[in-house]
Amino acid sequence: MEKRIYLCLAHMSGREQDFIKEAFDTNWVVPLGPNVNGFEADLEAFVGQNKHVVALSSGTAAVHLALLACGVGPGDEVLVQNFTFCASSNPVTYLGATPVFVDSEAQSWNMDPVLLEEAIRDRIAKTGRKPKAIIPVYLYGMPARIDEIMAVAERYGIPVIEDAAEGFGSRFDGRVCGTFGQYGVLSFNGNKMITTSGGGALICPDVESKRRIMFYATQARESYPYYQHEVIGYNYRMSNICAGIGRGQMTVIDEHIAHHKHLCSLYGKLLAGVGGVALHENPSARYDSNYWLVTLTLDPALRVKGEERAYEAVVQGAVGGAAGVTHAASSAHTDSEPNRNVEAMRMALDAAGIESRPLWKPMHLQPVYRNSPAYVNGVSESLFRRGLCLPAGPCVTDEDAAYIVENIKSCIL
Ligand SMILES: *Cc1c(COP(=O)(O)O)cnc(C)c1O
């Protein structure tokens, strides 16, 4: 097979090398400089709302510093969307705090505002203290019910950190996701909406918060002629080389988003009339997803070729993991996994040179979080059992989408 279609690949505009060359020519090969400032200015112009943006080494670092800025420390609790990638909740544990997971509603697949309020009241009743922050996520780019989440948060005076790592350029009621809460997290990892090879950013409410985040991101140096440290800092600033890639990427961000949206509507047309397969689309006109990944769910009753061989073999390597750094699995099964028809479709697409991926496994089912409180309603677990992500992004052509749907249809019995 000549070609492989990947889930979401970085796609360069051609301008990146100009910005990088300038960094070399002017000797700014460090974690600050003109590209960092330029990239931050581009991001501020894009997100609007008079926000201030700090470029960082990763989205995970952005979550970490936002939590720090919200005063999260040992013994605190933070409410985190249950249906997410581990980078939303891991930084809570870096600070010695405990994530408390809140499940999703079935329309957007993101944090359920009603369950959120129940969780807040129950945590206050059980611990006598309010959770320190709330982290809703824009999973696969889909906006959350952020208006209702903000209303709940404001009622209890709890700051919101929006994890927009997958939702860069998505909008709710016309406003860019990541600009509703106190802080907004962006990621520019290799597989995200745009890339800086690796990187992230934190959207901040004002200049003062931006300066505070920058201080913590650069080892918390006090202003003396020698190194003087009064608090613990981190080495989280973005390099001027990575920021050069980011400036190049910002010249094509609108085209990239338009292509992701185009692909989703194309998949929709091609899948029309295919029974048992449901595409995840904007629940109403208030939602404007960037469709970072196109996702669908399979009816458990749908029969797919090769189901009897699903989970027969232990998979080599991990999802999205670099070879050699993941643990070898001791069994082909865990106590919660996608339905056999989903795994059979993933294997059929894989054999046709198409990468697809199960939906993210909810945090309350992750062994590492078995001791974290979780407020669950069955939505994310049910989605995890039924869902699959399909390739999207600038590297996926209309012909690719047609080929992918052809293969989906042909593996259905
Ligand atoms: C990718 C991702 C992050 C973290 O971003 P990195 O830049 O990879 O550290 C955080 N949250 C979610 C939901 C993500 O998908």
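Now for a description of the structure that goes with this document. Since the model is a prediction, treat every value here as computed from it, not as a measurement.

## Notes on the sheet that holds strand β2 (residues 77–81)
The 4 strands are arranged β4-β2-β3-β14 in an open sheet whose pairing can be described as parallel. Strand pairing shows two members of the sheet lacking a second neighbour, β4 (133–135) and β14 (374–375), which therefore form its edges. In this structure, strand β3 (residues 98–102) lies alongside β14, joined through 2 bridges in parallel fashion. Each residue of the ladder has a partner; that of Phe101, found in β14, is Ala374. Packed on one face of the sheet, helix α5 (residues 113–127) meets β2, β3, β4 and β14 and runs near 160° to β2.

## A look at helix α7 (residues 207–217)
Turning to α7, its buried residues are Ser209, Lys210, Ile213, Tyr216 and Ala217. Here the buried residues of α7 occupy an arc of 125° about the axis, which is enough to place them on one side. Every exposed residue of α7 that faces more than 90 degrees away from the buried side is listed here: Glu208 and Arg211. Close packing links the buried residues of α7 with α2 (34–47), β1 (52–56), α3 (59–69), β8 (183–187) and β9 (200–204). Backbone geometry just downstream of α7 places Gln219 in the positive-phi region, at approximately 70°.

## A look at the environment of Gly246
Here Gly246 is to be found in helix α8 (residues 240–250). Judged by relative accessible area, which is 0%, Gly246 ranks as buried. With 226 residues separating them along the chain, Gly246 and Ile20 place their C-alpha atoms 9.9 Å apart. The residues touching Gly246, leaving out its near neighbours within four places in the chain, are Phe39, Thr195 and Thr196.

## What about the pattern of salt bridges?
Scanning all chains against the criterion turns up 22 salt bridges. Between Asp76 and Lys132 there is a salt bridge whose closest N-O contact spans 3.0 Å. Here Lys132 lies in the loop between α5 and β4 and Asp76 lies in the loop between α3 and β2, a separation of 56 residues in the sequence. The class for Asp76 is buried, based on a relative accessible area of 5%.

## Regarding the packing of aromatic side chains
By the definition in use, this model includes 14 aromatic pairs. Ring geometry for Phe172 and Tyr287: centres 5.2 Å apart, planes at 85°, overall edge-to-face. One end of the pair, Phe172, is in strand β6 (residues 171–172); the other, Tyr287, is in strand β11 (residues 287–288), and 115 residues separate them in sequence. Assessed through its relative accessible area of 1%, Phe172 is described here as buried. Owing to a relative accessible area of 10%, Tyr287 belongs among the buried residues under this scheme. Plain terms: the ring middles of Tyr234 and Tyr236 are 5.2 Å apart, the flat faces sit at 15° to each other, and that makes the pair stacked. Classification of Tyr236 by relative accessible area gives buried; the value is 17%.

## Concerning the packing of α2 against α8
Packing of α2 against α8 brings their axes to within 8 Å, and their N-to-C directions diverge by 35°. Here α2 runs over α8; the crossing is left-handed. Of the residues in α8, those in contact with Pro34, Asn35, Val36, Gly38, Phe39, Asp42, Leu43 and Phe46 of α2 are Asn240, Ala243, Gly244, Gly246, Arg247 and Met250. Broken down by class, the residue content of the contact of α2 with α8 amounts to 7 nonpolar, 5 polar and 2 charged.

## Focus: the sheet that holds β11
An order of β7-β6-β11 is seen for the 3 strands of this open sheet, with the pairing classed as antiparallel. What marks the edges here is a single partner per strand, and that holds for β7 (175–176) and β11. Note: β6 against β7, 2 bridges, orientation antiparallel. Paired with Phe172 across the strands is Arg175, a residue of β7.

Rules behind the numbers
- Residues numbered from 1 in each chain as written.
- Predicted model: local features only at pLDDT ≥ 70, side-chain atom pairs only at ≥ 80, totals over all residues.
- Heavy atoms only, no water.
- Pairing = 2+ DSSP bridges.
- Helix = DSSP H or I, 4+ residues; strand = E, 2+ residues; numbered from the N terminus.
- Contact = heavy atoms within 4.5 Å.
- Axes fitted to C-alpha atoms, helices over the stretch in contact; angles between N-to-C directions.
- Buried < 20%, exposed > 50% of the residue type's maximum accessible area, 1.4 Å probe, protein only.
- Arc of directions from axis to C-beta.
- Salt bridge = Lys/Arg side-chain N within 4 Å of Asp/Glu carboxyl O.
- Phe/Tyr/Trp six-rings, centres within 6.5 Å; stacked < 30°, edge-to-face > 60°.
- Left-handed = near helix turned anticlockwise from the far one by under 90°.
- Nonpolar A, V, L, I, M, F, W, Y, C, P; charged D, E, K, R; others polar.

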